[in-house]
Amino acid sequence: MAKNPIKIAPSILSADFSHLGFALDICEEGGADYIHIDVMDNHFVPNLTIGPVVVKSIRHLTKSFFDVHLMVERPEDLINPFVDAGADGITFHVEAAENPGRVIDLIRSANKQIGISLKPQTSFSMIEPFLDQIDLLLIMSVEPGFGGQEYIPSSTRKIKDIHQRLIEFGLRDRIILEVDGGIKLINAEEVVKAGADILVAGSEIFQSENPVQTIQKFKALGVT
Ligand code: DX5
Ligand code: ZN
């Protein structure tokens, strides 16, 4: 049976912020599937990162898919600003939204890919009511807030369980499963075998000696 190449979303959080254009070139040259953009507000998570003005300023540099991961409270306030800045898909945290249905509606009205994320301790039941309205489910395999953390081993079981539940609901073909946090070349195959469709990787790519080659190495890994 042919191998399915792994899909990869480099997180530019680990890139050199004084050369973000260069980071985008690396992603394109390596054949990245998405550009993962981590947005943190110092409330939902204890870190402060990228806002819509930054996304807007790099938008013209690439045609690649901008996969915006909102780790913010009141995500409803930031949907339109990130849409206007050039996001192609927006993922918000179910734990952060008072009314997830409203956030979904805002992303849908803008015709963008709708994603919901859950933290390592959050149970799948929190997002079950929204499954028929989303395009992507982002499973965090570290506590959100910082790049460069260790993959939480129990994430593999969680990914398998969610993958299985989606099959039971008849939704597996419709929902993209993305996994984020601590993804390295050595655990990527395990995570894809568990059911992930697309992997986010930050430090493994941008702290490697040859980031283009590291993206290519991820993509060369495959699962039959
Ligand atoms: C964590 C972020 C991740 C992170 C991934 O809060 O959502 O996207 O930057 O970085 P690594 O691959 O270094 O764990
Ligand atoms: Zn992320």
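The structure under discussion appears in the preceding block.
A short tour of the structure in this document, coming up.

Definitions and cut-offs
Residues numbered from 1 in each chain as written. Chains lettered and ligands numbered in written order. Predicted model: local features only at pLDDT ≥ 70, side-chain atom pairs only at ≥ 80, totals over all residues. Heavy atoms only, no water. Helix = DSSP H or I, 4+ residues; strand = E, 2+ residues; numbered from the N terminus. Rg over C-alpha atoms; globule rule 2.2 N^0.38 Å. Buried < 20%, exposed > 50% of the residue type's maximum accessible area, 1.4 Å probe, protein only. Lys, Arg positive; Asp, Glu negative; His and termini not counted. Charge placed at Lys NZ, Arg CZ, Asp CG, Glu CD. 1 Å grid on protein atoms, 1.4 Å probe; cavity = no way out; pocket = protein on both sides within 12 Å on 5 of 7 lines; lining within 4 Å. Points joined across faces, edges and corners; volume = space filled by probe spheres on them. Nonpolar A, V, L, I, M, F, W, Y, C, P; charged D, E, K, R; others polar. Donors = N, O, S within 2.8 Å, 3.2 Å for Na, K, Ca; no water. Tetrahedral: all angles 85-135°; square planar, octahedral: opposite > 155°, others 65-115°. Pairing = 2+ DSSP bridges. Right-handed = clockwise from strand over helix to strand, strands pointing away.

## Here's the deal with the overall build of the protein
For the protein, the count of helices and strands is eight helices and ten strands. Relative to a compact globule of 224 residues, whose C-alpha radius of gyration would be 17 Å, the protein shows 16 Å and is just as compact. Seen through its C-alpha atoms, the protein measures out along the principal axes to roughly 45 × 45 × 30 Å. Residues counted as buried form 55% of the 224 residues belonging to the protein. Averaged over its 20 positive side-chain charges, the protein has a centre that lies 4 Å from the centre of its 31 negative ones.

## Focus: empty space enclosed by the protein
Over the atoms a probe the size of a water molecule is rolled, and this reveals where empty space is left. Scanning the entire structure with this criterion turns up one cavity of 30 Å³ or more. Approximately 210 Å³ is the volume attributed to the largest cavity. Forming the boundary of the largest cavity are 24 residues, of which Phe146, Gly147, Gly148, Asp180 and Gly181 lie nearest the centre. Going through the elements one at a time, strand 3 (34-40), strand 9 (198-201) and helix 7 (203-206) are the ones with two or more residues in the lining of the largest cavity. The residue makeup of the lining of the largest cavity, split by class, is ten nonpolar, ten polar and four charged.

## Re the coordination of the zinc ion (ligand 2)
Tetrahedral coordination by four donors places them ideally at 109.5 degrees to one another around the metal; octahedral coordination by six donors ideally gives 90 or 180 degrees. Summarising the metal site, the zinc ion (ligand 2) is bound by the protein donors His36 (NE2), Asp38 (OD), His69 (ND1) and Asp180 (OD), whose distances to it range over 2.0 to 2.3 Å. Considering all six donor atoms around the zinc ion (ligand 2), the spread of angles at the metal, 68 to 168 degrees, places the coordination shape in the octahedral class. For the zinc ion (ligand 2), the donor residues sit on a single chain with the sequence spacing H-x1-D-x30-H-x110-D. With Asp38 in strand 3 and His69 in strand 4 (residues 65-71), the pair connects residues that are 31 residues apart, well separated along the chain. The same class applies to Asp38 as to His69, namely buried.

## So, unusual backbone geometry
Even without being a glycine, Asn42 presents a positive backbone phi close to 65 degrees. Of note in the backbone geometry, Arg74 takes a positive phi value of approximately 50 degrees without being a glycine. Of note, Arg74 is situated in the loop between strand 4 and helix 3 (79-85).

## Some details on the pairing of strand 8 (residues 176-180)
For strand 8, the tally of buried residues reaches four of five residues, placing the bulk of the element in the interior. Pairing of strand 7 (residues 136-140) with strand 8 involves five bridges; the strand directions are parallel. For Leu137, the partnering residue across the bridge sits in strand 8 and is Leu177. Viewed along the sheet, the connection from strand 7 through helix 5 (residues 155-168) into strand 8 turns out right-handed. As paired elements, strand 8 and strand 9 share three bridges and run parallel to each other. Note that in strand 9 the partner of Glu178 across the bridge is Ile198. Read from strand 8 through helix 6 (residues 188-194) to strand 9, the crossover connection turns out right-handed.

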